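Architecture and fold: a report
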Amino acid sequence: MAKCPKCGGNVASPRKQWKMAGRPDRNGKRTELTIGLFDHCGKSFRAVLAKRKI
Ligand SMILES: [Zn+2]
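The present account deals with the structure reproduced in this document. (Residues numbered from 1 in each chain as written. Predicted model: local features only at pLDDT ≥ 70, side-chain atom pairs only at ≥ 80, totals over all residues. Heavy atoms only, no water.)

With that settled, the discussion passes to the coordination of the zinc ion. Taken together, the protein donors to the zinc ion comprise Cys 4 (SG), Cys 7 (SG), His 40 (ND1) and Cys 41 (SG), at separations of 1.9 to 2.4 Å. One way to put it: the four donor atoms around the zinc ion meet at angles of 104 to 119 degrees, and that makes the site tetrahedral. Site description for the zinc ion: donor spacing in sequence, C-x2-C-x32-H-C. Of the two residues, Cys 7 sits in the loop between strand E1 (2–3) and strand E2 (10–11) while Cys 41 sits in the loop between strand E4 (31–40) and strand E5 (43–53), which places them 34 residues apart along the sequence. Residue Cys 7 is classed as partly exposed on the basis of its relative accessible area of 46%. What makes Cys 41 partly exposed here is its relative accessible area of 39%. (Donors = N, O, S within 2.8 Å, 3.2 Å for Na, K, Ca; no water. Tetrahedral: all angles 85-135°; square planar, octahedral: opposite > 155°, others 65-115°. Helix = DSSP H or I, 4+ residues; strand = E, 2+ residues; numbered from the N terminus. Buried < 20%, exposed > 50% of the residue type's maximum accessible area, 1.4 Å probe, protein only.)

Structure, rendered in structure tokens:
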């Protein structure tokens, strides 16, 4: 679930979602981000759904 940046309403489910590995931190660990693409108010926006250390 994500919040629409325009109206502040909750959008239940993403139209599309994928995983992305972030940069390694100081300890060399990467964070895997789950990104969702949501549609609301006739626009689409991305939001981070989950973060995980990998
Ligand atoms: Zn909206």
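Another point: the environment of Met 20. Here Met 20 shows up in strand E3 (residues 16–21). For Met 20, a relative accessible area of 40% translates into the label partly exposed. In this structure, the C-alpha to C-alpha distance between Met 20 and Thr 34, residues 14 residues apart in sequence, is 6.3 Å. Non-local contacts of Met 20, meaning those with residues more than four positions away in its chain, are made with Thr 31, Glu 32, Leu 33 and Ile 35. (Contact = heavy atoms within 4.5 Å.)

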